[in-house]
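Spelled out from the first residue to the last, the chains are:
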Amino acid sequence: MKQAHKIKRRVSKKIFVGNVAIGGDAPITVQSMTNTDTCDVDSTVSQILSLEKAGADLVRVSIPTMDAAEAFKKIKTRVNIPLITDIHFDYKIALKVAGYGADCLRINPGNIGKEDRIREVVAAAKDNGIPIRIGVNAGSLEKDLQKKYTEPTPEAMVESAFRHIDILDRLNFDNFKVSLKASEVFMTIFAYRQLASQIDNPLHLGITEAGSFRSGTVKSSIGMGLLLSEGIGDTIRVSLASDPVDEIKVGFDILKSLHLRKKGVNLIACPSCSRQKFDVISVVNELEARLEDITEPIDVAVIGCVVNGPGEAKEVSVGLTGGSPNLLYIDGKTHSKVENESLVDTLEASIRRRIPISNV
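Along each chain, numbering runs from 1 in the same order as the chain's sequence is written. In view of the model being predicted, local features appear only for residues whose pLDDT reaches at least 70, and side-chain atom pairs are presented and counted only at 80 or more, with totals across whole chains, interfaces and linings using the full set of residues. Excluding hydrogens and water, the side-chain figures rest on all heavy atoms present in the structure.

A. Looking closely at the overall build of the chain. Of the regular secondary structure elements, the chain holds 12 helices and 15 strands. Here the C-alpha atoms of the chain give a radius of gyration of 23 Å, agreeing with the 21 Å that 2.2 N^0.38 yields for 360 residues. Relative accessibility decides the category of a residue: with a 1.4 Å probe and only protein chains considered, values under 20% of the type maximum give buried, values over 50% give exposed, and everything between is partly exposed. Looking at the chain as a whole, 52% of its 360 residues are labelled buried. In the form shown here, the chain has an accessible surface area of approximately 16,300 Å², with 50% of it arising from carbon and sulfur atoms. Counting 46 positive and 46 negative side-chain charges, the chain places the averaged centre of each group 3 Å from the other. In this description a helix means any DSSP run of H or I spanning at least four residues, a strand means any run of E spanning at least two, and both kinds are numbered starting from the N terminus. Radius of gyration here is computed from C-alpha atoms only, and the compact-globule reference equals 2.2 Å multiplied by the residue count raised to the power 0.38. Here, Shrake-Rupley sampling with a 1.4 Å probe gives the accessible areas, and only protein chains in the shown set may cover a residue. We count Lys and Arg on the positive side and Asp and Glu on the negative side, and we leave His and both chain ends out. To locate a charge, the coordinates of NZ of Lys, CZ of Arg, CG of Asp or CD of Glu are taken.

B. Seen up close, the layout of surface pockets. A 1.4 Å probe that fits but cannot get out identifies a cavity on a 1 Å grid over protein atoms alone, an open set with protein on both sides within 12 Å along at least five of seven lines counts as a pocket, and a residue lines either if it has an atom within 4 Å of a point. Grid points are joined across faces, edges and corners, and a volume is the space filled by probe spheres set on the points. Considered as a void within the structure, the largest pocket measures approximately 840 Å³ in volume. In terms of lining, the largest pocket is formed by 25 residues, of which the most central are Lys 249, Asp 253, Lys 256, Glu 288 and Glu 292. Breaking the lining of the largest pocket down by element, the ones donating at least two residues are helix 1 (41-54), helix 9 (244-257), strand 11 (265-269) and helix 10 (280-290). Broken down by element, the residue count for the lining of the largest pocket peaks at 6 residues, all from helix 9. Side-chain classes are defined by residue name, with Ala, Val, Leu, Ile, Met, Phe, Trp, Tyr, Cys and Pro counting as nonpolar, Asp, Glu, Lys and Arg as charged, and the others, Gly among them, as polar. The residue makeup of the lining of the largest pocket, split by class, is 10 nonpolar, 7 polar and 8 charged.

C. Representation of the packing of aromatic side chains within the structure. Between rings of Phe, Tyr and Trp, where Trp is taken as its six-membered ring, a pair exists when centres lie within 6.5 Å; planes separated by under 30 degrees are stacked, by over 60 edge-to-face, and by other angles tilted. Scanning all chains against the criterion turns up 1 aromatic pair. For the pair Phe 186 and Phe 190, a centre-to-centre distance of 5.9 Å together with 35 degrees between the ring planes defines the contact as tilted. Placement of the pair is Phe 186 and Phe 190 together in helix 7 (residues 185-196), with a separation of 4 residues, close to one helical turn.

D. Molecular detail of the environment of Arg 163. Its location among the elements puts Arg 163 in helix 6 (residues 154-170). Looking at Arg 163, the relative accessible area reads 29%, which means it is partly exposed. Those residues in contact with Arg 163 that sit more than four places away from it in its chain are Glu 142, Asp 144 and Leu 145. Note on contacts: a residue pair qualifies if any of its non-hydrogen atoms lie within 4.5 Å across the two residues.

E. Examining helix 9 more closely. Its 14 residues place the ends of helix 9 20 Å apart at the C-alpha level, agreeing with the 20 Å of an ideal helix rising 1.5 Å per residue. By the criterion of burial, helix 9 is predominantly enclosed, with 11 of the 14 residues buried. Within helix 9 the residues assigned to the buried category are Pro 244, Val 245, Asp 246, Glu 247, Ile 248, Val 250, Gly 251, Phe 252, Ile 254, Leu 255 and Lys 256. Lining the buried residues of helix 9 we find strand 3 (29-33), helix 1, helix 8 (213-229), strand 10 (235-237) and strand 11. Polar contact criterion, stated in full: a pair of N or O atoms within 3.5 Å, where within protein one must be able to donate a hydrogen and the other to accept it, and residues adjacent in sequence count only if both atoms are side-chain atoms. Capping the start of helix 9, Asp 243 holds a side-chain oxygen 2.9 Å from the backbone nitrogen of Val 245, two or three residues further along. Looking one or two residues beyond helix 9, the residue adopting positive phi is His 259, at roughly 60 degrees. One fewer than the residue count of a helix, multiplied by 1.5 Å, yields its expected span.

F. Focus on the sheet that holds strand 7 (residues 132-137). The parallel closed barrel is built from 8 strands, whose spatial order is 3-4-5-6-7-8-9-10. Taken over all neighbouring pairs, the strand axes of this sheet differ in orientation by 25 degrees on average, direction set aside. To define axes, lines are fitted to C-alpha atoms, for helices over the stretch in contact only, and angles between the resulting N-to-C directions are given on a 0 to 180 degree scale. With respect to the sheet, helix 1 is in contact with strand 3, strand 4 (58-62) and strand 5 (83-86), its orientation differing from that of strand 4 by roughly 155 degrees. In this fold helix 9 packs onto strand 3 and strand 10, with an angle of close to 160 degrees to the strand it touches most, strand 3. What makes two strands pair is DSSP finding at least two bridges between them.

G. Highlighting the pairing of strand 7. Of all 6 residues that make up strand 7, 6 are buried, and the element is covered over most of its length. Residues Ile 132, Ile 134 and Val 136 line one face of strand 7 and the alternating positions Arg 133, Gly 135 and Asn 137 line the opposite face, and both faces are buried. Here strand 6 (residues 104-107) pairs with strand 7 via 3 bridges, running parallel. Considered in strand 7, the bridge of Arg 106 is made with Arg 133.

H. Region of the structure containing the side chain of Arg 237. The topology assignment puts Arg 237 in strand 10. A distance of 3.0 Å separates the side chain of Arg 237 from the side chain of Glu 247, its partner in a polar contact. The residues contacting Arg 237, other than those within four sequence positions of it, are Gln 31, Ser 32, Met 33, Arg 60, Lys 181, His 204, Leu 205, Gly 206, Met 224 and Glu 247.

I. Examining the pattern of salt bridges more closely. A pairing counts as a salt bridge when a side-chain nitrogen of Lys or Arg comes within 4 Å of a carboxyl oxygen of Asp or Glu. In total, this model carries 25 salt bridges according to the counting rule given. When the shortest N-O distance is used, the salt bridge between Lys 13 and Asp 174 registers 3.5 Å. Here Lys 13, found in the segment before strand 1 (15-17), pairs with Asp 174, found in the loop between helix 6 and strand 8 (176-181); they are 161 residues apart in sequence, far enough to count as distant. A relative accessible area of 30% places Lys 13 in the partly exposed class.

Written out as structure tokens, the structure is:
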């Protein structure tokens, strides 16, 4: 598929979360967060492995208590993907997990405490060679900022971020990234735009508490899509009240639609209508489920009739056009006729033949 537009990304510093680069010329990473009880080591490890299998580059784990910190120590030994530790209120937890192998510390300037505590957290990050994510959230701004602005605003979020950035600057620590999240799309967009023009550290994008699978996907796609299209953003998390694996899938779909990442099957399908010569919806759903294990980028088109079918099929690696008969296209050229009963099997086989064995 020809690319009509290439996004020019904002120039940012490159940092590393474990062995994964964030910012600079590195690919935009996709992450999610576990929702298991962190103290349940087996369940948390299982979910982390599921997220890694789905394509996650990073996984965040909440560490709300010292018991959770001790559990994290065990979890870290059983997984390979870099882990970001999410810490609120108790700075001592950050100190503990920094020594237990955390690949990044996520703290919130609105609740981590006084500057002397932040100094200790920064010292621990320096000693262990790990970055910090400053996580500003519209719902947990400092009390004086809530009073000053009377309500969450982009300006309040940026001011909160700079308070923490200034502390890190005074401590000669620049190994950090920043997020400015709100549940309101435009507030989030305006905050990131303001900050992006003032610092060159990597930015973590997200619409916080976006909602259910459907509404959260829409809000995240609009909010992050607009920012990403402007070149803003180095790592993303789609926050859904859904299975965390869904967050990874939606995140990659957002990046693929903007030509910012190529991973897995890019499935082009018509919405179906009375012209269709086969059940497009069932074919697409079954095909998508069968091909979830493929990580190699490949464009596939499934179109129910001959109005748009041939044009789409000629632009992809594997294409199917409904008709009398249905036609399979390989590399833009007519390949063979396909009966309705064997559509999914034929498409899957054709796609897998074009994928290196090591990637399936």
